Amino acid sequence: MRVIDSHTEGEPTRVVIDGLPDLGKGSMAERRRIFAERFDHVRSFAVNEPRGNDAVVGALLCEPVDPTAAAGVIFFNNVGVIGMCGHGTIGLAVTLAHLGRLKPGTHRFETPVGDVTVDLLGRNEVEIENVPAYRYRKAVAVDVSDIGTVVGDIAWGGNWFFLVSDAPYALTMSAIPSLTRAADATMRALAAAGIKGEDGGKIDHVEFFGPPADPAANSRNFVLCPGGAYDRSPCGTGTSAKLACLAADGKLAPGVEWVQESIVGSRFQAKYRPGAEGRIIPRIRGRAYVVADATLLRDANDPFADGMRSGE
Ligand code: PYC
């Protein structure tokens, strides 16, 4: 399997260029279903140890359904498939540019949750227009063991998020273990209480917010992804969900820039335009860098041939 690795504002993306299973010619949602049901071992092979680690997000590069789209893509991680991935889309665009397959300008990628527009601004800089985002519920309270009542908004940004304005710990790198435990406990408490997204989907990302370290940014976040790894970038879908909440509260006008800082201090520049039915159309700008062009090998005698998670 040939892969190109990159990172977007610190968060890794592994694009599978060659050697992916035949997922048919259906929509990206249909191909994602087939990938999840029949090829979970391939997912684990591609991103888990010993070839990857819990933070790696994989991106299967697919032929698009509509030939006028530049690419189709299915995102996945250490535990399963995900909907959209903002940092992964930026990583994919920079990877395709690195391969000479994408020129500067505006392109469309198909994802399982809708089409996204990609502006390749330079070798490393990309602005994406995400799928429509919206806040589903405001100020939802949940009882979390060891923490108490946690109040947050539920919003869609291409994945389901629970957004907590007041992080339970200072948003510093030394607090990452505590933040991870608190976010994981919050995610479990939401599931135990039967609190879901509007379509019944699991809320599988928890986002804590606090003041930025750099006064040039508007906010700093910590985002826990499904599978227990935290996002090193400010999270493209999470920042989209944040914009939807800010817009719903009348705290950010269309077109005004919002700078979201991540837990490692990297940044996305974000803004939105109004969409249909009270939704917003977020735009997220960030930078990605290619770090490896590799072939993943499989030895049938290897007891961990299909990958494993050391945390399991
Ligand atoms: O950037 O949207 C994102 C994302 C989702 C999971 C990890 N990164």
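Residues numbered from 1 in each chain as written. Predicted model: local features only at pLDDT ≥ 70, side-chain atom pairs only at ≥ 80, totals over all residues. Heavy atoms only, no water.

Colleague: Can you help me understand the site of the ligand in this one?
Modeller: Around the ligand sit E11, C85, G86, H87, H205, C225, D231, C235, G236 and T237, and those are all the residues in its vicinity. Measuring from an oxygen atom of the ligand, one finds a backbone N or O atom of H87 at 2.8 Å. Compared with its free state, where it exposes 240 Å², the ligand has 99% of that area covered by protein. One can see that the ligand is located within the largest cavity. By residue class, the composition of the shell around the ligand is 3 nonpolar, 5 polar and 2 charged. (Near = heavy atom within 4 Å. Polar contact = N/O pair within 3.5 Å; in protein donor to acceptor, adjacent residues only side chain to side chain. Areas by Shrake-Rupley, 256 points an atom, 1.4 Å probe, with all protein chains shown as cover. 1 Å grid on protein atoms, 1.4 Å probe; cavity = no way out; pocket = protein on both sides within 12 Å on 5 of 7 lines; lining within 4 Å. Sits in = over half its atoms within 2 Å of the grid points. Nonpolar A, V, L, I, M, F, W, Y, C, P; charged D, E, K, R; others polar.)

Colleague: Mind showing me how you'd approach the state of the cysteines here?
Modeller: Disulfides are covalent bonds that link the sulfur atoms of two cysteine residues. This structure, assessed with the given rule, holds 0 disulfides. Cysteine C85 remains unbridged, with the sulfur of C235 as its closest cysteine sulfur at 6.9 Å. Judged by relative accessible area, C85 falls into the buried class, the value being 5%. The structure places no disulfide on C225, whose sulfur is separated from the nearest cysteine sulfur, that of C235, by 5.7 Å. Take C225: its relative accessible area is 11%, and that puts it in the buried class. (Disulfide = S-S within 2.5 Å. Buried < 20%, exposed > 50% of the residue type's maximum accessible area, 1.4 Å probe, protein only.)

Colleague: For this particular structure, what's the right way to read the nonpolar core?
Modeller: Burial of nonpolar side chains together is a common tendency in soluble globular proteins. Counting 65 residues, the largest nonpolar core has F109, F162, F208 and F222 as its most contacted members. Ranked by the residues each element gives to this core, the list is headed by helix α4 (residues 176-192), at 8 residues. Excluding anything up to four places from it in sequence, F222 contacts L171, I176, L179, T180, A183, V206, E207, F208, Y230 and I263. M28, V47, L60 and C62 belong to the second-largest nonpolar core, a separate cluster that totals 18 residues. (Core = buried A, V, L, I, M, F, W, Y, C linked by side-chain atoms within 4.5 Å. Helix = DSSP H or I, 4+ residues; strand = E, 2+ residues; numbered from the N terminus. Contact = heavy atoms within 4.5 Å.)

Colleague: Looking at this model, I keep getting lost on the environment of G10. Mind explaining?
Modeller: Residue position: G10 is located in the loop between β1 (2-8) and β2 (11-18). On a C-alpha basis, the gap between G10 and R232 in space is 5.2 Å, while along the polypeptide they are 222 residues apart.

Colleague: Hey, could you run me through unusual backbone geometry in this one?
Modeller: A negative phi angle characterises most non-glycine residues, just as the trans form characterises most peptide bonds. With omega at 5 degrees, the peptide bond leading from E49 into P50 counts as cis. Residue position: P50 is located in the loop between α2 (40-47) and β3 (57-62). Backbone geometry at D146 places phi at a positive 70 degrees, although glycine is not the residue there. The backbone of E277 shows a phi angle near 50 degrees, a positive value even though the residue is not glycine. Residue placement: E277 occurs in the loop between β14 (267-274) and β15 (280-295).

Colleague: Please clarify how the packing of aromatic side chains should be interpreted in this entry.
Modeller: Each aromatic ring pair is characterised by the separation of its centres together with the angle its planes make. For the structure on display, the rule yields 6 aromatic pairs. Ring plane angle 65 degrees and centroid distance 5.3 Å describe the contact between F35 and F76, whose orientation is recorded as edge-to-face. On the criterion of sequence distance, the pair formed by F35 in helix α1 (residues 28-38) and F76 in strand β4 (residues 71-76) is long-range, its members being 41 residues apart. Each member of the pair, F35 together with F76, is buried. Lying over the aromatic face of Y134, R279 brings its terminal NZ or CZ to 3.9 Å of the ring centre. (Phe/Tyr/Trp six-rings, centres within 6.5 Å; stacked < 30°, edge-to-face > 60°. Lys NZ or Arg CZ within 6 Å of the ring centre and 35° of its normal.)

Colleague: What is the right way to read α1 from this model?
Modeller: The periodicity of an α-helix, 3.6 residues per turn, causes residues three or four positions apart to be oriented the same way. Every buried residue of α1 is listed here: M28, R31, I34 and F35. Axial view of α1: buried residues confined to an arc of 120 degrees, hence all on one face. Among the structural elements, α2, β3, β4 and β5 (105-111) are those in contact with the buried residues of α1. (Arc of directions from axis to C-beta.)

Colleague: So what exactly am I meant to see when it comes to the packing of α1 against α2 here?
Modeller: A pair of packed helices can be characterised by two numbers: the angle between their axes and the separation between those axes. The interhelical angle for the contact between α1 and α2, taken along N-to-C directions, is 85 degrees, at an axis separation of 5 Å. Viewed along their axes, α1 and α2 adopt a mutual orientation that is roughly perpendicular. Two secondary-structure elements touch here, α1 through F35, A36 and R38 and α2 through D40, H41, V42 and R43. Residues belonging to the contact of α1 with α2 are distributed by class as follows: 3 nonpolar, 1 polar and 3 charged. (Axes fitted to C-alpha atoms, helices over the stretch in contact; angles between N-to-C directions. Parallel < 35°, antiparallel > 145°, perpendicular 65-115°, else oblique.)

Colleague: For this particular structure, what's the right way to read the pairing of β4?
Modeller: Extensive coverage of β4 is indicated by the burial of 6 of its 6 residues. Across the two faces of β4 the burial is the same, with A71, V73 and F75 and G72, I74 and F76 all buried. Pairing analysis gives 5 bridges linking β3 to β4, with the strands arranged antiparallel. Bridging from a neighbouring strand, C62 pairs with G72 of β4. Here 2 bridges tie β4 to β5, and the two strands are oriented parallel to one another. Of the residues in β5, the one forming a bridge with A71 is F109. You can see the chain leave β4, run along helix α3 (residues 86-98) and come back into β5, and the turn it takes is right-handed. (Pairing = 2+ DSSP bridges. Right-handed = clockwise from strand over helix to strand, strands pointing away.)

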